[in-house]
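# Architecture at a glance
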Amino acid sequence: MTAPTDTEVLPATREVVLDLHRRMVRIRRFEESSGKLVETGEMPGFLHLYVGQEAVAAGMGSVLTDDDQITSTHRGHGHAIAKGAELRPMFAELYGKTTGYCKGRGGSMHIVDMNRGMLGANAIVGGGIPIAIGAAFASQYRDDGTVAVSFFGDGATNIGAFHESVNMAAVWDLPVIFVVENNGYAEFTPQEKHMKLTDIAERAASYGIPGVIVDGMDALAMRQVSLEAVERAKRGEGPTLIEAKTYRFFDHQGIKGMRIPYRDPAEVEAWKSRDAIRLIETIGVERGLVTAEDFAEIWAEVEAEINDGIEFARNSPDPDPADILDDVYTV
Amino acid sequence: MSTRELTYVKAFNEGMHQIMAEDPDVFLIGEDVAGYGGVFHMFDGLLDTYGQKRVKDTPIAEQAIIGLGVGAAARGLRPVCDLMFMDFIGVAMDQIFNQAAKMKYMFGGAVSVPLTITTAGGAGMSAAAQHSQSLEAWLAHIPGLKVALPATPYDAKGLIVGAIRDDNPTIVVLQKKMLGVKGPVPEELYAIPFGEAHVAREGTDTTIVAIARMVPEALKAAEMLASDGISVEVIDPRTVQPLDTDTIVASVKKTNRALIVHEAVEFGGIGAEISSQIQEEAFDYLDAPVARLAAPFAPVPYAPILENAYVPDAARIEQAVRRLLERK
């Protein structure tokens, strides 16, 4: 049930390492920049940062095509970016501008990109899980060889929508992969206070599907289990539940740090020492696949993309209140 | 093609058959909709005709039923998701009001959700508090949803076809107590657009706006009043979201009085909204305050004597009209 976590045994090419690294750096820098912009008051709204968990979205995102669908969560920037979302409309959406992915209607918790199979971030915990099985149903109905992936947290596996959806997907062998990002906390409540299990992957047994545990800080390991689950789904063998053990570096919401001491600083530091981006950089260099300069170049390119995205958002027009009723209905 | 008499449920069923024949993207899921044909036989014959791929029995899992429909609709299919009893929408409500209803808007228009939810509402069968409710006002309150309540066999067929062809999330609430009611239904496929009220009877002395099964009750009351020379106009909005305010207001401007009848509880019911719109649009035409006749503010009771006292009927509508006409 436990996937290999020793990345030495996993296949990794230069292209794969660079691809995963770029996905993760784009997520990290987008989020750190957004955090600062919210903190200074330049950007409105809630911000649930994904920093720390990048390897999960990047590993899965790297094996999907634009035709595969994902559903995401309130902590959804990483999933969108890993699926290939552009930073200009992402920043613009967070700024509430007309050039944003949702024309300023959705904000941080509702990023969508239908051209890249990003079926939307979702601000209701567990709300995206039933939608993902619907996307997978469409794949099966059309027999188009695509899959759907639903990302959600440990807290969401306690909600009825999770149980109902995984069961129905299992019964119908839907081509869907359920990715639970176990960061140890449902908001501020630690896992041991919200479920009896240590390994959420064990829940898969109740639905008669495979459950796989993976090191959620290791993008290569995440990519490997994702690949296997996607191939299984495409073979018509039904869903897989992947539990990625990971950690949220920032607070539940915002960037300012802990309002209440619900996490032990030593715990936070221990997880930070296993930073997914640093891990893949170490692997890349140690195996002689990528040089430190290559990685530095990615950081620099992403930085330019970040600055460009923020400038684009700042210079974009605000929505017109006269259009407030647009798109309530399809006409 | 010709028109013949069909029951309400057969008319609905014919609409389902014809729209599934027309559009291969339409599929049906729900509890016992396939093998059993639905507990009210709304879906009889669909499994045999369209097969297991398009007509599927689900686990008892209302959130997953609706959520699956939302995801499939977002990808361009036209799901029909059945919830059997309207009371069960509570179990699925997140997927209905937070997901289906809002995706178009909160995603800046990027997604359409052509999902149809079918269900059966209304009291009168001693089915008690959790199998008898009329919750249309809940749904009509949510921007993004559309809600239809067919009151005739003709509308049962036309509104299900209109709902499935609509590119928005729609809820079609069949009336359990009307399933066997017969009426004229054309053989061919036709759709009734949402937001077009039906003037069920023309009259000059007062307007009755009646919802769902209260339409035939209002028509009976109108017939009783006609023998006393009282001329009643009966408006069936057909859909409460969108609501055809224009037709209602035009009628009230002609009759100068209005009574609204529904079997949902009066407080916060759709009658409150209709009354408010009439007073905003036609206050100067009114000869009396807009009246409402609806269920008392209690859950639907079980004992027939209680349930009969709970749901308005033709006799009480007749009395309410007489009271309204006494107001000067």
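## Side note on the overall build of chain A
- Check the secondary structure of chain A and you find eleven helices and seven strands.
- Taken over the C-alpha trace, chain A has a radius of gyration of 19 Å; the compact-globule value for 331 residues is 20 Å, and the two agree within 12%.
- Principal-axis analysis of the C-alpha atoms gives chain A an extent of 55 × 50 × 40 Å.
- When the 331 residues of chain A are sorted by exposure, 57% land in the buried category.
- Of the contacts formed within chain A by residues at least 6 apart in sequence, a portion of 78% connects residues at least 24 apart.

## Quick notes on the overall build of chain B
- Helices and strands together make up the secondary structure of chain B, namely twelve helices and 14 strands.
- Scaling as 2.2 N^0.38, a compact globule of 328 residues should have a C-alpha radius of gyration of about 20 Å, and chain B matches this with 19 Å.
- C-alpha atoms of chain B, sized along the principal axes, occupy 60 × 45 × 45 Å.
- Within the span of chain B, comprising 328 residues, buried residues form 58% of the whole.

## Observations regarding the sheet that holds strand E9 (residues 198-201) of chain B
All names here are of chain B.
- Read from one edge to the other, the open sheet built from five strands follows the order E9-E11-E10-E13-E14, with strand pairing classed as mixed. Both edges of this open sheet fall to E9 and strand E14 (291-295), since each of them pairs with a single strand only. Looking at each pair of strands side by side, their axes are set apart by 25 degrees on average, direction ignored.

## Here's the deal with the interface of chain B and chain A
- The interface of chain B with chain A comprises 34 residues on the first partner and 32 residues on the second.
- Every element with two or more residues in the side of chain B that touches chain A is listed here: helix H3 (62-74), helix H4 (89-100) and helix H5 (103-106) of chain B.
- Residue contributions to the side of chain B that touches chain A peak at nine residues, all from H3(B).

## Details of the domain arrangement of chain B
All names here are of chain B.
- For chain B, the domain assignment lists domain 1 (3-186) and domain 2 (198-322).
- The distance between the C-alpha centroids of domain 1 and domain 2 comes to 26 Å.
- With 26 residues of domain 1 at the contact, the number on the domain 2 side is 24 residues.
- Elements supplying a minimum of two residues to the side of domain 1 that touches domain 2: helix H6 (136-140), strand E6 (146-148), helix H7 (153-165) and strand E7 (170-175).
- By residue class, the composition of the side of domain 1 that touches domain 2 is 15 nonpolar, seven polar and four charged.

## Points about the nonpolar core
- If you look at the biggest cluster of nonpolar residues, it comprises 215 residues, and the most contacted ones within it are A:Val176, B:Ala218 and B:Val261.
- In terms of domain composition, this core takes at least three residues from each of domain 1 (3-186) and domain 2 (198-322) of chain B.
- Leave out the neighbours within four places in its chain, and B:Ala218 touches B:Ile208, B:Ala210, B:Val234, B:Val261 and B:Ile317.

## Some remarks on helix H8 (residues 214-226) of chain B
All names here are of chain B.
- With 13 residues, H8 should reach 18 Å at 1.5 Å per residue; the first-to-last C-alpha distance of 18 Å fits that figure.
- Regarding H8, the residues found buried are Met214, Val215, Pro216, Glu217, Ala218, Leu219, Ala221, Ala222 and Leu225.
- Contacts from the buried residues of H8 go to E9, strand E10 (206-210), strand E11 (232-236), strand E13 (258-265) and helix H12 (314-326).

## Considering the packing of helix H6 (residues 160-171) of chain A against H3(B)
- Put simply, H6(A) and H3(B) touch, their axes get as near as 8 Å, and they point 70 degrees apart. Taken together, the axes of H6(A) and H3(B) are roughly perpendicular relative to one another. On the side of H6(A), the interface is formed by A:Gly160, A:Ala161, A:Glu164, A:Ser165 and A:Met168, while H3(B) contributes B:Gln63, B:Ala64, B:Gly67 and B:Leu68.
- Looking at side-chain class alone, the contact of H6(A) with H3(B) contains four nonpolar, four polar and one charged residues.

## Let's talk about the sheet that holds strand E12 (residues 239-241) of chain B
All names here are of chain B.
- Spatial ordering of the open sheet is given by E3-E2-E4-E5-E7-E6-E12, a layout of seven strands whose pairing is mixed. In this open sheet, the two edge strands, each paired with only one partner strand, are strand E3 (55-57) and E12. For this sheet the average axis-to-axis angle between neighbouring strands, irrespective of direction, equals 20 degrees.
- For strand E2 (residues 26-30) and strand E4 (residues 78-85), the ladder comprises five bridges, and the chain directions are parallel. Across the sheet, residue Gly30 finds its bridge partner in E4, namely Asp82.

## Here we look at the packing of H3(B) against H4(B)
Residue and element names in this part refer to chain B.
- Following both chains from N to C, one finds H3 and H4 inclined at 25 degrees, their axes separated by 6 Å at the closest point. Taken together, H3 and H4 sit at an angle that is classed as roughly parallel. Contact residues: H3 offers Glu62, Gln63, Ile65, Ile66, Gly67 and Val70, while H4 offers Val91, Ala92, Asp94, Gln95, Ile96, Gln99 and Ala100.

## Considering the environment of A:Ala292
Residue and element names in this part refer to chain A.
- Counting through the fold element by element, Ala292 comes out in helix H11 (residues 292-314).
- Look at Ala292 and you get exposed, because 10 C-beta atoms sit within 10 Å.
- Measuring from C-alpha to C-alpha, the distance between Ala292 and Gly35 comes to 27 Å, with 257 residues separating the pair along the chain.

## Thoughts on unusual backbone geometry
Residues and elements named next belong to chain B.
- Following Gln241, the chain continues into Pro242 via a peptide bond in cis, with omega recorded as 0 degrees.
- Positionally, Pro242 belongs in the loop between E12 and helix H9 (245-255).
- A positive phi angle is found at His41, which is not glycine, with a value near 65 degrees.
- The residue Asn256 is not glycine, and still its phi comes out positive at about 70 degrees.
- Considering the arrangement of structural elements, one finds Asn256 in the loop between H9 and E13.

## Some words on helix H8 (residues 219-234) of chain A
Residues and elements named next belong to chain A.
- Helix length check: H8 (16 residues) gives 22 Å between terminal C-alpha atoms against 22 Å at 1.5 Å per residue, within 8%.
- Those residues of H8 lying buried are Ala219, Leu220, Ala221, Met222, Arg223, Gln224, Val225, Ser226, Ala229, Val230 and Ala233.
- Elements in contact with the buried residues of H8: helix H1 (14-39), helix H2 (54-61), strand E3 (176-182), strand E6 (211-215), strand E7 (240-245) and helix H10 (276-286).
- One or two positions beyond H8, positive phi appears at Gly236, with a value near 85 degrees.

## Remarks on the pairing of E13(B)
Residues and elements named next belong to chain B.
- Of all eight residues in E13, eight are buried, a share of seventy percent or more.
- By the bridge criterion, four bridges tie E10 to E13 in an arrangement that is parallel. Within the sheet, the bridge partner assigned to Val209 lies in E13 and is Ile260.
- Two elements, E13 and E14, share four bridges in a ladder whose sense is parallel. The residue bridging Leu259 from the neighbouring strand is Ala291, located in E14.
- In this view, the connection linking E13 to its parallel neighbour E14 by way of helix H10 (residues 270-282) has right-handed handedness.

Criteria and thresholds
- Residues numbered from 1 in each chain as written.
- Chains lettered and ligands numbered in written order.
- Predicted model: local features only at pLDDT ≥ 70, side-chain atom pairs only at ≥ 80, totals over all residues.
- Helix = DSSP H or I, 4+ residues; strand = E, 2+ residues; numbered from the N terminus.
- Rg over C-alpha atoms; globule rule 2.2 N^0.38 Å.
- Buried ≥ 20, exposed ≤ 12 C-beta atoms within 10 Å, placed from the backbone.
- Contact = placed C-beta atoms within 7 Å.
- Pairing = 2+ DSSP bridges.
- Axes fitted to C-alpha atoms, helices over the stretch in contact; angles between N-to-C directions.
- Domains from an automatic or database assignment.
- Nonpolar A, V, L, I, M, F, W, Y, C, P; charged D, E, K, R; others polar.
- Core = buried A, V, L, I, M, F, W, Y, C linked by C-beta atoms within 7 Å.
- Expected span 1.5 Å × (residues − 1).
- Parallel < 35°, antiparallel > 145°, perpendicular 65-115°, else oblique.
- Right-handed = clockwise from strand over helix to strand, strands pointing away.

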